[in-house]
Amino acid sequence: MLQAQKEILLPINEFKTMELRGFDALTGNNLRFGTPGDDELFATQQDTLFGGAGDDILDASTGLGENRLYGGKGDDELFAGQGDRLFGGNDDDILDASVGEGSNRLYGGKGDDILFGGSNELLVGGKGNDKLFAGEGDSILTGRKGEDQFWIVAGDIPSAANTITDFQSGVDVIGLGAGLAFANLAITQTGSDTTINLKDGSPLATLTGVESGTISIADFVSTAPRPLIIGHRGASGLRPEHTLASYELAIEQGADFIEPDVVSTKDGVLIARHEVNIKDTTDVADHPEFADRETTKIIDGVEESGWFADDFTLAEIKTLRAEERLEFRDQSFNGQFEIPTLQEIIDLVKTKSAEVGRTIGIYPETKHPTYHDSVDLSLEEPLVDILQANGYNQEDSPVFIQSFEVGNLKELNTLIDVPLVQLLDAVDVSLNGQLIEKQPYDFVVSGDDRTYGDLRTPEGLAEIAEYADGIGPWKRMIVSVESVDADGDGIADDITGDGSANDNDKFLTDPTSLIEDAHAAGLLVHAYTFRNEDVFLAQDYNGNPELEYQQFFSLGLDGLFTDFPGTGFEVANRLYPFTEPDPLTGAGLLASTDSLFG
């Protein structure tokens, strides 16, 4: 490392020597100087080229080595061959040794430079915010001043590890090309350094003097496709859920898909409500004309009292207005918005897609299909009819259909060729973080004694892959939480003192293998539900919802449902800024790195 430190000081020593001794210091060299225009100069062996005032090309890539190339005042491009030294000038230069034979030394100048290494190179940033691409391996990268990017993988996986000497977490960024994501990495401590390998053991980089515990996904940018951001019931953290206003806001905040839960009216029209019982999400209780509709029903084996969508015609539903379900969220929009039909949601999506210039998908969930069948209001056929009438009838159509039941997904798999997602649920988590399992309701009815836990096993996932394209697990199936029970009474303690024992009183457990297991079965993983409020955030996140998104993205999640799509999009776009989502391949698609160099 002492030799590397000496090499880093070379630019200073070079210029000091020239100042003291003039150009005689370079005797024996063939000196060439650029003009005020845009020049193209070529070096052969032991030549010295100086760029002029224009945007110059100084090329030693086909030479015999030991050349020195100095950028001038313009935005210059300098190319190394073997054993050459390249020095950036005053502006934004490109110093490229990737086409050479190796053992070159590249030094950034005052601008925001881009340095490409090959093999056994020394890349040293200058005073600007530089991008350093490591190349084939055995190279040393030093950022120096500025907020620098260190690309430890560019187009190809390096054949040997590269070394970064001055990485600063929170200032610099590590780049992952070749479609790699943070989930592909194994990061360990080796002495006083951090070692970054692929999980298969292939070495990528060493960060000297860096503690591995300080490195997280926030220190990386990836060329893998950005995970999907799914507006859960729209932007339901900011507007009443399942309203056109909520969906529109989700789209404006960057959601790739919006999620309408669908139930049926008495006259067979699909509308967006989270439950058949509409007492908590509409103002139906304030309508005296519907007072006699209040009743008690059994929904999925649970007795409920209220007003139920299947007892109302669409015309009657349209007289109601949506209300915010959660008391701690903004109530000021209550009474303003209608209950939309699925067709109205599709019309909105098509209109907004044209306005914003990107395709927005829909992600309908069939709610309580067994119940709907019991009242002769089957969901599957009208859902398929609406989707097909609107052109959503191909395996790559921008639509996913999801369900907590199994049988209706298998039926849908025979009716329409669009992606299907098996949702996975649990009752809760126990004090120690273990899931309290439950069954799909159609399993209860049919006498199948399996639970969602059985569906999460490798065997269960393989079965899901026969009829669906992905799973939608509760996030606690990926990272659970454990409670504090200091007094041993078997009840979770309210350590924050807010009056209830919620996620903010609990602590994260180690991640499960569910994402890896699902990917091994060829299934996408879209987890639910991510929310910004403290009551939904484990203590470990310190009230910062971005940390939760970062953790789940670091585990290889392909997409997520969020009540606050603006937050999810901001985090995802920061970590995966180069490649748009590919809904059917998740984060595993290898991406071009062409856009990295601009």
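First, a word on what this report is: a plain description of the structure on this page.

Cut-off values and rules
- Residues numbered from 1 in each chain as written.
- Predicted model: local features only at pLDDT ≥ 70, side-chain atom pairs only at ≥ 80, totals over all residues.
- Heavy atoms only, no water.
- Core = buried A, V, L, I, M, F, W, Y, C linked by side-chain atoms within 4.5 Å.
- Buried < 20%, exposed > 50% of the residue type's maximum accessible area, 1.4 Å probe, protein only.
- Contact = heavy atoms within 4.5 Å.
- Patch = residues over 30% accessible without salt bridge, like charges linked within 9 Å, V, L, I, M, F, W, Y side chains within 5 Å.
- Areas by Shrake-Rupley, 256 points an atom, 1.4 Å probe, with all protein chains shown as cover.
- Salt bridge = Lys/Arg side-chain N within 4 Å of Asp/Glu carboxyl O.
- Lys, Arg positive; Asp, Glu negative; His and termini not counted.
- Charge placed at Lys NZ, Arg CZ, Asp CG, Glu CD.
- Helix = DSSP H or I, 4+ residues; strand = E, 2+ residues; numbered from the N terminus.
- Pairing = 2+ DSSP bridges.
- Axes fitted to C-alpha atoms, helices over the stretch in contact; angles between N-to-C directions.
- Right-handed = clockwise from strand over helix to strand, strands pointing away.

What follows covers the nonpolar core. Counting 116 residues, the largest nonpolar core has I152, I464, I471, I478, F553 and L557 as the members making the most contacts within it. Apart from the residues lying within four places of it in its own chain, the contact partners of I152 are A134, P158, N162, I164, I174, G175, L176, I196, L204 and A205. Ranked by size, the runner-up nonpolar core spans 17 residues in total, among them V276, F290, W307 and Y371.

Moving on: a positive patch on the surface. There is a patch of like positive charges on the surface, built from K110, K127, R144 and K145. Inspection of the secondary structure assignment puts R144 in the loop between β13 (140–142) and β14 (149–153).

Another point: the sheet that holds strand β15 (residues 162–164). Sheet architecture is open: 11 strands sit in the order β1-β3-β5-β7-β9-β11-β13-β15-β19-β18-β17, paired in mixed fashion. On the outer flanks of this sheet lie β1 (30–33) and β17 (185–190), each paired with one strand and no other. Averaged over all neighbouring strand pairs, the angle between strand axes comes to 15°, with direction disregarded. Pairing geometry for strand β3 (residues 47–50) and strand β5 (residues 68–70), over three bridges, is parallel. Residue pairing across strands places L49 opposite L69, the latter belonging to β5.

Another aspect to go through is unusual backbone geometry. Here the residue pair Y528 and T529 is connected by a cis peptide bond, since its omega of -15° sits within 30 degrees of zero. Mapping T529 onto the fold places it in strand β36 (residues 524–530). With a phi angle near 60°, S103 is a residue other than glycine that sits in the positive phi range. Checked against the element boundaries, S103 lands in the loop between β8 (94–96) and β9 (105–107). Judged by its relative accessible area of 33%, S103 is partly exposed. Non-glycine residue A178 carries a positive phi angle of around 55°. Inspection of the secondary structure puts A178 in the loop between β16 (173–176) and β17. Judged by relative accessible area, A178 falls into the buried class, the value being 14%.

Right, let's talk about the pairing of strand β37 (residues 559–562) for a bit. Of the two faces of β37, the one holding G559 and F561 and the one holding L560 and T562 are both buried throughout. Relative to β37, strand β21 (residues 228–232) runs parallel, the two being bridged by four bridges. Directly across from I229, in β37, lies its bridge partner L560. Looking at chain direction, β36 and β37 are connected through three bridges and run parallel. By the bridge assignment for β37, F530 is matched with T562. With helix α13 (residues 545–554) bridging β36 and the parallel β37, this β-α-β connection has right-handed handedness.

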